[in-house]
Amino acid sequence: MSLEQKLSVAKQWIQESETVLFITGAGISAESGLPTYRGMGGLYNGELTEDGYRIEEILSGEIFTQNPRLTWKYLKHLEAHSSQAKPNAAHRALSELERRTTVWIATQNIDSFHRDAGSHNLIEIHGNLHDTRCTSCEYTRRVGDFSEFDDLPRCPC
(Lines give C-alpha, C1' and ligand atoms only; values in the text may rest on other atoms or scores of the structure.)
Protein backbone atom coordinates (compact mmCIF):
# COMPACT_ATOMS: atom_id res chain seq x y z
CA MET A 1 0.00 0.00 0.00
CA SER A 2 1.40 3.40 -0.98
CA LEU A 3 1.74 6.30 1.45
CA GLU A 4 -1.12 8.07 -0.31
CA GLN A 5 -3.37 5.03 0.17
CA LYS A 6 -2.38 4.73 3.83
CA LEU A 7 -3.21 8.40 4.40
CA SER A 8 -6.55 7.93 2.69
CA VAL A 9 -7.37 4.99 4.97
CA ALA A 10 -6.29 6.98 8.05
CA LYS A 11 -8.46 9.90 6.96
CA GLN A 12 -11.45 7.59 6.57
CA TRP A 13 -10.88 6.05 10.03
CA ILE A 14 -10.70 9.51 11.61
CA GLN A 15 -13.87 10.65 9.85
CA GLU A 16 -15.75 7.54 11.02
CA SER A 17 -14.51 7.75 14.63
CA GLU A 18 -16.24 9.48 17.51
CA THR A 19 -12.96 10.08 19.34
CA VAL A 20 -9.36 9.85 18.17
CA LEU A 21 -6.29 9.48 20.40
CA PHE A 22 -2.89 10.54 19.14
CA ILE A 23 0.20 9.52 21.10
CA THR A 24 3.22 11.74 20.52
CA GLY A 25 6.81 11.85 21.64
CA ALA A 26 10.07 13.57 20.78
CA GLY A 27 9.73 13.01 17.03
CA ILE A 28 6.89 15.50 16.62
CA SER A 29 8.88 18.30 18.29
CA ALA A 30 12.17 17.41 16.58
CA GLU A 31 10.63 18.89 13.42
CA SER A 32 10.48 22.22 15.30
CA GLY A 33 14.24 22.08 15.79
CA LEU A 34 13.98 20.83 19.37
CA PRO A 35 16.69 18.27 20.08
CA THR A 36 15.60 14.99 21.59
CA TYR A 37 17.05 13.98 24.97
CA ARG A 38 18.51 10.70 23.79
CA GLY A 39 19.45 9.04 20.55
CA MET A 40 21.43 10.31 17.59
CA GLY A 41 21.84 14.06 17.86
CA GLY A 42 20.11 14.11 21.25
CA LEU A 43 21.15 16.35 24.10
CA TYR A 44 22.36 13.42 26.20
CA ASN A 45 22.74 10.48 23.76
CA GLY A 46 22.37 7.94 26.55
CA GLU A 47 25.52 9.27 28.20
CA LEU A 48 25.87 10.40 31.78
CA THR A 49 25.45 14.12 32.39
CA GLU A 50 28.36 16.19 33.65
CA ASP A 51 27.02 15.49 37.14
CA GLY A 52 27.38 11.74 36.69
CA TYR A 53 23.71 10.77 36.32
CA ARG A 54 21.53 9.72 33.41
CA ILE A 55 19.05 12.46 32.49
CA GLU A 56 16.14 10.18 33.48
CA GLU A 57 17.59 9.92 36.99
CA ILE A 58 18.07 13.68 37.34
CA LEU A 59 14.48 14.34 36.29
CA SER A 60 13.08 11.68 38.64
CA GLY A 61 11.10 12.41 41.77
CA GLU A 62 13.76 10.71 43.86
CA ILE A 63 16.59 13.02 42.77
CA PHE A 64 14.28 16.05 42.88
CA THR A 65 13.44 15.23 46.51
CA GLN A 66 17.12 14.73 47.41
CA ASN A 67 18.60 17.58 45.37
CA PRO A 68 16.07 19.96 43.76
CA ARG A 69 18.86 22.29 42.59
CA LEU A 70 20.32 19.50 40.46
CA THR A 71 16.93 18.75 38.88
CA TRP A 72 16.29 22.45 38.23
CA LYS A 73 19.75 22.82 36.68
CA TYR A 74 18.74 20.34 33.98
CA LEU A 75 15.18 21.63 33.67
CA LYS A 76 16.74 25.04 32.93
CA HIS A 77 19.03 23.37 30.41
CA LEU A 78 16.10 21.70 28.66
CA GLU A 79 14.06 24.92 28.73
CA ALA A 80 16.95 26.90 27.24
CA HIS A 81 17.13 24.45 24.33
CA SER A 82 13.39 24.70 23.70
CA SER A 83 12.90 28.45 24.22
CA GLN A 84 13.46 29.42 20.58
CA ALA A 85 11.50 26.51 19.08
CA LYS A 86 7.82 26.83 18.21
CA PRO A 87 5.00 24.41 17.36
CA ASN A 88 5.24 23.05 13.85
CA ALA A 89 2.75 22.01 11.16
CA ALA A 90 2.04 18.67 12.88
CA HIS A 91 1.12 20.37 16.18
CA ARG A 92 -1.10 22.82 14.29
CA ALA A 93 -2.73 20.03 12.26
CA LEU A 94 -3.71 18.13 15.42
CA SER A 95 -5.11 21.34 16.91
CA GLU A 96 -7.13 21.99 13.76
CA LEU A 97 -8.42 18.42 13.78
CA GLU A 98 -9.52 18.93 17.39
CA ARG A 99 -11.78 21.76 16.19
CA ARG A 100 -13.52 19.33 13.81
CA THR A 101 -13.86 16.20 15.93
CA THR A 102 -13.06 14.88 19.40
CA VAL A 103 -9.31 14.47 19.59
CA TRP A 104 -7.19 13.61 22.60
CA ILE A 105 -3.42 13.85 22.59
CA ALA A 106 -1.26 11.88 25.01
CA THR A 107 2.27 13.20 24.87
CA GLN A 108 5.53 12.47 26.62
CA ASN A 109 6.82 15.89 25.59
CA ILE A 110 7.24 18.64 28.17
CA ASP A 111 7.60 21.51 25.66
CA SER A 112 3.91 22.66 25.68
CA PHE A 113 3.88 22.83 21.87
CA HIS A 114 0.52 21.04 21.60
CA ARG A 115 -1.04 23.58 23.99
CA ASP A 116 0.73 26.48 22.25
CA ALA A 117 -0.70 25.28 18.93
CA GLY A 118 -4.22 25.40 20.39
CA SER A 119 -4.93 21.83 21.50
CA HIS A 120 -6.98 21.48 24.70
CA ASN A 121 -7.60 17.77 25.21
CA LEU A 122 -4.12 16.95 26.42
CA ILE A 123 -2.66 14.27 28.60
CA GLU A 124 0.84 15.52 29.37
CA ILE A 125 2.30 12.33 30.77
CA HIS A 126 5.41 14.01 32.18
CA GLY A 127 3.82 17.41 32.80
CA ASN A 128 5.37 20.40 31.06
CA LEU A 129 8.12 22.92 31.62
CA HIS A 130 5.81 25.88 32.03
CA ASP A 131 3.39 24.82 34.78
CA THR A 132 5.12 25.06 38.13
CA ARG A 133 3.72 23.85 41.44
CA CYS A 134 4.97 24.32 44.96
CA THR A 135 5.87 21.06 46.70
CA SER A 136 4.70 22.44 50.07
CA CYS A 137 1.34 24.06 49.26
CA GLU A 138 -1.26 24.27 46.50
CA TYR A 139 0.36 27.26 44.72
CA THR A 140 0.69 26.87 40.95
CA ARG A 141 1.98 29.25 38.34
CA ARG A 142 2.47 29.15 34.57
CA VAL A 143 5.81 30.67 33.50
CA GLY A 144 6.88 31.61 30.00
CA ASP A 145 10.54 30.87 30.56
CA PHE A 146 13.02 30.35 33.36
CA SER A 147 14.97 33.59 32.98
CA GLU A 148 13.51 34.93 36.23
CA PHE A 149 14.84 32.00 38.27
CA ASP A 150 18.35 32.56 39.59
CA ASP A 151 18.32 29.32 41.52
CA LEU A 152 15.11 27.56 42.49
CA PRO A 153 11.64 28.96 41.86
CA ARG A 154 10.22 30.48 45.04
CA CYS A 155 6.69 30.22 46.37
CA PRO A 156 4.93 32.90 48.42
CA CYS A 157 4.38 30.29 51.16
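Our subject is the structure listed above.
Nothing here was measured: the structure is a model prediction, and the numbers come from that model. (Residues numbered from 1 in each chain as written. Predicted model: local features only at pLDDT ≥ 70, side-chain atom pairs only at ≥ 80, totals over all residues. Heavy atoms only, no water.)

Trainee: Help me understand the packing of aromatic side chains, please; the structure alone is not making it clear to me.
Mentor: Two measures describe an aromatic ring pair: the distance that separates the ring centres and the angle between the ring planes. Under the criterion given, the structure shown has three aromatic pairs. Ring geometry for tryptophan 72 and phenylalanine 149: centres 5.8 Å apart, planes at 75 degrees, overall edge-to-face. One end of the pair, tryptophan 72, is in helix α5 (residues 68–82); the other, phenylalanine 149, is in the segment after β5 (140–142), and 77 residues separate them in sequence. For the pair formed by tryptophan 72 and phenylalanine 149, the shared burial category is buried. Between phenylalanine 146 and phenylalanine 149, the ring centres sit 5.5 Å apart and the planes meet at 50 degrees, which makes this aromatic pair tilted. Given a relative accessible area of 5%, phenylalanine 146 falls into the buried group. Chaining the aromatic ring pairs together yields one cluster made of Trp72, Phe146 and Phe149. (Phe/Tyr/Trp six-rings, centres within 6.5 Å; stacked < 30°, edge-to-face > 60°. Helix = DSSP H or I, 4+ residues; strand = E, 2+ residues; numbered from the N terminus. Buried < 20%, exposed > 50% of the residue type's maximum accessible area, 1.4 Å probe, protein only.)

Trainee: Would you explain the environment of leucine 70 in this entry?
Mentor: In this structure, leucine 70 sits in helix α5. Put simply, leucine 70 and aspartate 51 are 19 residues apart on the chain and 8.5 Å apart in space, counted from C-alpha to C-alpha. Beyond its immediate stretch of four places on either side in the chain, leucine 70 contacts Asp51, Tyr53, Ile58 and Ile63. (Contact = heavy atoms within 4.5 Å.)

Trainee: In this structure, what is going on with helix α6 (residues 89–100)? I would like to understand it.
Mentor: In an α-helix, one turn spans 3.6 residues, which is why side chains three or four residues apart end up on the same side. An ideal rise of 1.5 Å per residue puts 16 Å on 12 residues; α6 measures up with 17 Å between its terminal C-alpha atoms. Looking at the buried side of α6, the elements it contacts are α1 (3–16), β1 (19–24), α2 (26–30), β2 (102–107) and α7 (113–117). (Expected span 1.5 Å × (residues − 1).)

Trainee: Would you take a moment to explain the nonpolar core for this structure?
Mentor: Core analysis: the largest hydrophobic core is formed by 15 residues, its most contacted members being Trp72, Tyr74 and Phe146. Within the residue set of this core, elements represented by two or more residues are α3 (55–58) and α5. Those residues within four positions of phenylalanine 146 in sequence are excluded, and the remaining contacts are Trp72, Leu75, Lys76, Glu79 and Leu129. Counting six residues, the second-largest nonpolar core is a separate cluster that includes Ile28, Leu97, Ile105 and Leu122. (Core = buried A, V, L, I, M, F, W, Y, C linked by side-chain atoms within 4.5 Å.)

Trainee: Looking at this structure, I do not really get α1. What am I missing?
Mentor: An ideal rise of 1.5 Å per residue puts 20 Å on 14 residues; α1 measures up with 20 Å between its terminal C-alpha atoms. In terms of burial, α1 is largely open, as just zero of its 14 residues are buried.

Trainee: What exactly am I supposed to notice about the sheet that holds β2 here?
Mentor: Whenever strands of a sheet pair, they do so through backbone hydrogen bonds, lying parallel or antiparallel. Taken together, three strands build an open sheet; the order of strands is β1-β2-β3 and the sheet is parallel. Strands at the two margins of the open sheet, each flanked by one partner only, are β1 and β3 (122–124). Each neighbouring strand pair of the sheet contributes to a mean axis angle of 15 degrees, computed without reference to strand direction. Sheet analysis places β1 next to β2, joined by six bridges and oriented parallel. Among the inter-strand pairings, leucine 21 is bridged to a residue of β2, identified as tryptophan 104. (Pairing = 2+ DSSP bridges. Axes fitted to C-alpha atoms, helices over the stretch in contact; angles between N-to-C directions.)

Trainee: Help me understand the pairing of β2, please; the structure alone is not making it clear to me.
Mentor: Remember that side chains alternate between the two faces of the sheet whenever the strand is regular. Sheet topology note: the β2/β3 ladder contains three bridges and is parallel. Within the sheet, the bridge partner assigned to threonine 107 lies in β3 and is glutamate 124.

Trainee: Even after reading the chapter, I still don't get the side chain of threonine 24, so can you show me in this structure?
Mentor: Along the chain, threonine 24 falls in strand β1. Polar side-chain contacts of threonine 24 include one of 2.8 Å to the side chain of threonine 107. (Polar contact = N/O pair within 3.5 Å; in protein donor to acceptor, adjacent residues only side chain to side chain.)

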